[in-house]
Amino acid sequence: MPEAIQNTTQSVWGLPVIVYLFLAGVGAGAYLTSWWNTRNGGMGTLAVVGRYLAAPLVAIGTLLLVFDLGAGRMHLGRIFGLFTHPISMMSLGTWILTLFLIASVIDGYGPLVRVHRVAWLGTVTAVLAVAVAIYTGVLLGVVKAIPLWNTALLPVLFVLSACSTGMAAVFFCSLLAGRRNLGDVESFGGLHIAVVLTEIVVLVLLLFIAANGSSADRYSYMLMVDGRFAAMFWYGLVVVGLGLPIVYALLSRTRPLIRYLQSPSWIMLESILVLVGGFFLRYLVVSAGAVARILG
Amino acid sequence: MAHYGMLVDLTMCAQCSGCTVACETLYGRPPGESGVHLRSYERGAFPSVKRITLPVQCMQCQNPPCVEVCPTGATYQDKATGTVQIDQSRCVGCRYCMTACPYGARQFDPTSGVVIKCTFCIQRVADGKDPACVQTCIGHARTFGDLNDPTSDVSVAIAERHAIRLNPELGTQPSVYYVF
């Protein structure tokens, strides 16, 4: 019997890829947060925490990708083939991930085995971190068959989300390490919320384009706004991931509440919200990606 | 240099799924892993809606998005036949090609962990036979041949019957044509 098809979402990539996109973003963002904090020389707690976080997060994400492979997991030797076709975004990404993992391990964990940290390696790793964040977006962005993904805004959105979730992860772990790091975290607060605000602008643009695009584009848009993924979109992403952090940023800068809200617990809570939002963003983009219709 | 192509004339298609079964039988694949799938689409809006059943398979694109995205180079374009083939010994099963294919023409085989698709029965063609789906089609809806040869049955039929290709806007340049 023929299968009835109107618009359908892609069903090829699922949770492992979503979690990878999220973790790679957080890892890259954590490194950038760390690097930003050391530009002027000294290594504060945030810089140390960010460097410790970056490599394991990206490594876990990359491992998930390997486990998600078919034959590549059964015959591990085949994985080296992933380096051989750098015209493919995924092959290029394999190079970027490999180089980032090597650089971030040396740069982040070298001092533990008395390898001195060198400034230029930090800069190189930061560039690679940007590449990792961009790559997660371009991997999807080059797929013409899925109009929701096929826009230059997607890499921009993923890079911004990588920065906001990376900062959130570093804030959370720094404050977990000790309340005395509050000052360091607060000095970053403005930048953090600025990134979240920019993210909202780009997300709105992306949705606006989807809402006015092809049939598949509109289908993806409707799935998020008023369909299968509406609860996750509105509650998970818009309210929890973007709205509440903005509300918190406003309230915590309001005079009577400053002393109460600028506390480690509140900042840690806000960080969790941003991380949850970042995860749902990846989930929605991957899952709501509708395939271009064969007949208009 | 040949450039093999196919014409599927839907006005002669009985929607019997013979092509799907012939493919499964020839390659010993379980149901659902055939290289040809029948899909049903609605065209138009109420009150002038038409339901179309479309046999979909690998379009053997001349500008194939799957080849571009394949990270190992396992999917390649065979210059001698103008077809898209998969070297299964190099496929890692990342399924990037499946997201990139606008026609949903590729399947993942969980047993071998590689991606499979219609090969245009390139072995049979080399032996001078038609692909299995063409040979089995009871309505003679399918015509196969060399698109580079303007006198071949398929080239003549495409020109005469004003055949079209799917999703021209994506620039994939399929080698499979349809008559609606």
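Everything numeric in this text was worked out from a predicted model, so none of it was measured. (Residues numbered from 1 in each chain as written. Chains lettered and ligands numbered in written order. Predicted model: local features only at pLDDT ≥ 70, side-chain atom pairs only at ≥ 80, totals over all residues.)

S.K.: Please explain the overall build of chain A as it appears in this structure.
M.R.: When helices and strands are tallied, chain A shows twelve helices and one strand. Beginning at the N terminus, the succession of helices and strands in chain A can be written as β-α-α-α-α-α-α-α-α-α-α-α-α. Expected size for 296 residues packed as a compact globule is a radius of gyration near 19 Å; at 20 Å, chain A falls within 12% of this value. Expressed along its principal axes, the backbone C-alpha trace of chain A runs to roughly 65 × 55 × 25 Å. For chain A, the proportion of its 296 residues judged to be buried stands at 49%. For chain A, the proportion of contacts with a sequence separation of at least 24, taken over those separated by at least 6, is 74%. (Helix = DSSP H or I, 4+ residues; strand = E, 2+ residues; numbered from the N terminus. Rg over C-alpha atoms; globule rule 2.2 N^0.38 Å. Buried ≥ 20, exposed ≤ 12 C-beta atoms within 10 Å, placed from the backbone. Contact = placed C-beta atoms within 7 Å.)

S.K.: Can you help me understand the overall build of chain B in this one?
M.R.: Along the backbone of chain B there are six helices and nine strands. Computed over its C-alpha atoms, the radius of gyration of chain B comes to 16 Å, within 12% of the 16 Å expected for a compact globule of 180 residues. For chain B, the spread of C-alpha atoms along the three principal axes comes to 45 × 40 × 35 Å. Partitioning the intrachain contacts of chain B with sequence separation of at least 6 by distance along the chain shows that 56% fall at a separation of at least 24.

S.K.: Looking at this structure, how should I read the interface of chain B and chain A?
M.R.: How large an interface is tends to be reported as the accessible area lost when its parts come together. On the chain A side, the residues contacting the 38 residues of chain B number 35 residues. Elements supplying a minimum of two residues to the side of chain B that touches chain A: strand S2 (37-43), strand S3 (50-56), helix H2 (65-69) and helix H3 (96-100) of chain B. Considering each element in turn, the side of chain B that touches chain A owes the most residues, six residues, to S2(B). Here the residues of the side of chain B that touches chain A sort into 21 nonpolar, eleven polar and six charged. (Nonpolar A, V, L, I, M, F, W, Y, C, P; charged D, E, K, R; others polar.)

S.K.: Could you clarify how one ought to interpret the environment of A:Gly289 in this entry?
M.R.: All names here are of chain A. Secondary-structure assignment places glycine 289 in the segment after helix H12 (264-287). Overall, the presence of 25 C-beta atoms within 10 Å leaves glycine 289 in the buried class. In the structure, glycine 289 is positioned 219 residues away from glycine 70 in sequence and 22 Å away in space, judged by C-alpha atoms. If we skip the residues at most four places from it in the chain, glycine 289 touches Thr9, Gln10, Ile146, Leu148, Trp149 and Ser220.

S.K.: How do you make sense of the environment of B:Val36 when you look at a structure like this?
M.R.: One can find B:Val36 in the loop between helix H1 (18-27) and S2. Those residues in contact with B:Val36, other than ones at most four positions away along the chain, are B:Cys19, B:Thr20, B:Cys23, B:Pro55, B:Gln57, B:Cys118 and B:Cys133.

S.K.: In this structure, what is going on with unusual backbone geometry? I would like to understand it.
M.R.: For residues that are not glycine, phi is negative in most cases, and the peptide bond is trans in most cases. The residue B:Gln15 is not glycine, and still its phi comes out positive at about 55°. Although it is not a glycine, B:Ser17 adopts a positive phi angle of roughly 70°.

S.K.: Would you take a moment to explain the packing of helix H1 (residues 15-38) of chain A against helix H5 (residues 119-141) of chain A for this structure?
M.R.: When two helices pack together, their arrangement is given by the angle between the helix axes and the distance between those axes. All names here are of chain A. Running from N to C, H1 and H5 point in directions that differ by 150°, and their axes come no closer than 9 Å. Considered as vectors, H1 and H5 are oriented roughly antiparallel to each other. Of the two possible hands of crossing, H1 and H5 adopt the one that is left-handed. Touching Leu21, Ala24, Gly25, Ala28, Gly29, Tyr31, Leu32, Trp35 and Thr38 of H1 are Gly122, Thr125, Ala126, Ala129, Val130, Val132, Ala133 and Thr136, all from H5. (Axes fitted to C-alpha atoms, helices over the stretch in contact; angles between N-to-C directions. Parallel < 35°, antiparallel > 145°, perpendicular 65-115°, else oblique. Left-handed = near helix turned anticlockwise from the far one by under 90°.)

S.K.: Explanation requested: the pairing of strand S4 (residues 75-78) of chain B in the structure shown.
M.R.: Residues and elements named next belong to chain B. As paired strands, S4 and strand S5 (residues 83-86) are joined by four bridges and run antiparallel to one another. By the bridge assignment for S5, glutamine 77 is matched with valine 84. Count of turn residues in the S4/S5 antiparallel hairpin: four residues, of which glycine 82 carries a positive phi of about 70°. (Pairing = 2+ DSSP bridges.)

S.K.: I'm lost on the sheet that holds strand S9 (residues 176-179) of chain B in this one. Help?
M.R.: Hydrogen bonds between backbone groups are what pair the strands of a sheet, and the pairing can be parallel or antiparallel. Residue and element names in this part refer to chain B. The strand order across the open sheet formed by three strands is S8-S1-S9, and the pairing between neighbours is mixed. The sheet is open, and its two borders are formed by strand S8 (142-146) and S9, each paired with just one other strand. Looking at each pair of strands side by side, their axes are set apart by 20° on average, direction ignored. Sheet topology note: the strand S1 (residues 4-9)/S8 ladder contains five bridges and is antiparallel. Pairing of leucine 7 across the sheet is with threonine 143, part of S8. Against the sheet, helix H6 (residues 153-160) engages S1, S8 and S9, with an angle of about 120° to S8.

S.K.: Even after reading the chapter, I still don't get the nonpolar core, so can you show me in this structure?
M.R.: As a rule of thumb, soluble globular proteins bury nonpolar side chains together. Judged by nonpolar contacts, the single largest core of 141 residues is most densely connected at A:Ala28, A:Val58, A:Ala129, A:Val132, A:Leu284, B:Val69 and B:Cys97. The dominant element in this core, judged by the number of residues it contributes, is helix H6 (residues 153-177) of chain A, at 14 residues. (Core = buried A, V, L, I, M, F, W, Y, C linked by C-beta atoms within 7 Å.)

S.K.: In this structure, what is going on with the confidence of the model for chain A? I would like to understand it.
M.R.: In regions of low pLDDT, the predicted coordinates are not meant to be interpreted in detail. Taken over all residues, the pLDDT of chain A has a mean of 93, while the share at 70 or more is 97%. The least confident element of chain A is strand S1 (residues 3-4) of chain A, whose mean pLDDT is 51; the most confident is H12(A), at 97. (pLDDT = per-residue confidence, 0-100.)

S.K.: What's the story with helix H9 (residues 215-226) of chain A in this structure? I'm lost.
M.R.: Residue and element names in this part refer to chain A. Taking 1.5 Å of rise per residue, twelve residues should cover 16 Å, and H9 covers 16 Å from first to last C-alpha, within 8% of that figure. Those residues of H9 that fall on the buried side of the exposure criterion are Ala216, Asp217, Tyr219, Ser220, Tyr221, Leu223 and Met224. On its buried face, H9 sits against helix H8 (189-211), helix H10 (230-251) and H12. (Expected span 1.5 Å × (residues − 1).)

S.K.: Looking at this structure, how should I read the confidence of the model for chain B?
M.R.: Mean pLDDT for chain B: 94, with 100% of residues reaching 70 or above. The ipTM value of the predicted complex is 0.91, and its pTM value is 0.94.

S.K.: Explanation requested: the environment of A:Leu160 in the structure shown.
M.R.: Residues and elements named next belong to chain A. Relative to the helices and strands, leucine 160 resides in helix H6. Along the backbone, leucine 160 and glycine 227 are 67 residues apart, and their C-alpha atoms lie at a distance of 26 Å. Once residues within four sequence positions are removed from consideration, leucine 160 is found in contact with Val195, Thr198, Glu199 and Val202.

S.K.: How do you make sense of the packing of H8(A) against H10(A) when you look at a structure like this?
M.R.: Residue and element names in this part refer to chain A. The N-to-C vectors of H8 and H10 enclose an angle of 140°; their axes lie 10 Å apart at closest approach. It follows that H8 is oblique to H10 by the angle criterion. In the crossing of H8 with H10, the sense of the turn from one axis to the other is left-handed. Of the residues in H10, those touching H8 at Ile193, Val196, Leu197, Glu199 and Ile200 are Leu242, Pro245, Ile246 and Ala249. The residue makeup of the contact of H8 with H10, split by class, is eight nonpolar, no polar and one charged.

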